[in-house]
Amino acid sequence: MTELEKRLAQKVDAVRQKMAGAMRAAGRPDGSVLLCAASKTQNAQTVRASAECAIDVFGENRVQELTEKLAAGAYGAKPVHMIGHLQTNKVKYVVGHAALIHSVDSMRLVDAIEKEAAKLDVVQDILLEVNIGAEASKSGAAPGEVRALAEYAAAKPHVLVRGLMAIPPAEEAPGQARRYFAQMKNLFDKLAGAHIERAPMEILSMGMSGDFESAILEGATLVRVGTAIYGARNYAKA
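Report follows, based on the coordinates.

How each quantity is defined
Residues numbered from 1 in each chain as written. Predicted model: local features only at pLDDT ≥ 70, side-chain atom pairs only at ≥ 80, totals over all residues. Heavy atoms only, no water. Helix = DSSP H or I, 4+ residues; strand = E, 2+ residues; numbered from the N terminus. Rg over C-alpha atoms; globule rule 2.2 N^0.38 Å. Areas by Shrake-Rupley, 256 points an atom, 1.4 Å probe, with all protein chains shown as cover. Lys, Arg positive; Asp, Glu negative; His and termini not counted. Charge placed at Lys NZ, Arg CZ, Asp CG, Glu CD. Expected span 1.5 Å × (residues − 1). Buried < 20%, exposed > 50% of the residue type's maximum accessible area, 1.4 Å probe, protein only. Contact = heavy atoms within 4.5 Å.

**Observations regarding the overall build of the chain**
From N to C terminus, the chain includes eight helices and eight strands. The C-alpha radius of gyration computed for the chain amounts to 17 Å, which stays within 12% of the reference 18 Å derived for 238 residues, consistent with globular compactness. Along the longest, intermediate and shortest principal axes, the C-alpha atoms of the chain span 50 × 40 × 35 Å. Accessible surface, the chain: about 11,000 Å² in total, of which carbon and sulfur atoms supply 50%. Charge separation in the chain, taken as the distance between the mean sites of 29 positive and 27 negative side-chain charges, equals 3 Å.

As structure tokens, then:
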């Protein structure tokens, strides 16, 4: 094992221990939350080394990084998710390659995904992104619009709505994000209770390095962790 692999394994193990503690505290079974390694700005060598660790899936914010690392075999046998904002003109590079697209926030984007998935004759799994903090600077559907968006997407034969994703306001004080996570769980449960065909509400993606334990306590089924695994990102290299 190289020094890089050893360091990454230690970081992932520390995250896993915190995840397990939060699951126990919430009375949830061990293994009920997936760990998505947010590998934005990390090179293929680093990602390949981390693929040997106890990571369930990888998440990329940028389409170019996702396609380049896939081509390099950086993820090993593990799936990769598109977790960043997705422009309609880049959908063709993601559909059929990403196991899950987390950031679907409009009917226009749903249409673009459906069109590309139909071309490839695949069903693309997606999450609907919710702007839970009503931030002008963030993408995502307003909470009151999510059911209509879910029903619209669920009517598309080549799209499957697996659940919801959100990023709470960053300026909130430590611990404050938990109220947004609780709101997301409430919305998630309401949509699950609506029994929308082809929108099974199985995945609730929320929580990052600084708040994933709170997200798990409120019901997250997938957390996106980057800094706690890879360290602070060097955007100059990106």
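Past the structure itself, the notes keep going.
**Some thoughts on helix α1 (residues 3-25)**
The terminal C-alpha atoms of α1 lie 33 Å apart, and with 23 residues this matches the ideal 33 Å at 1.5 Å per residue to within 8%. Taken together, the buried positions of α1 are Leu4, Leu8, Val12, Val15, Met19, Ala20, Ala22 and Met23. Residues of α1 that are buried make contact with β1 (34-38), α2 (44-50), α7 (212-217), β8 (222-225) and α8 (227-230). One or two steps after α1, the chain reaches glycine 27, where phi turns positive at roughly 70°.

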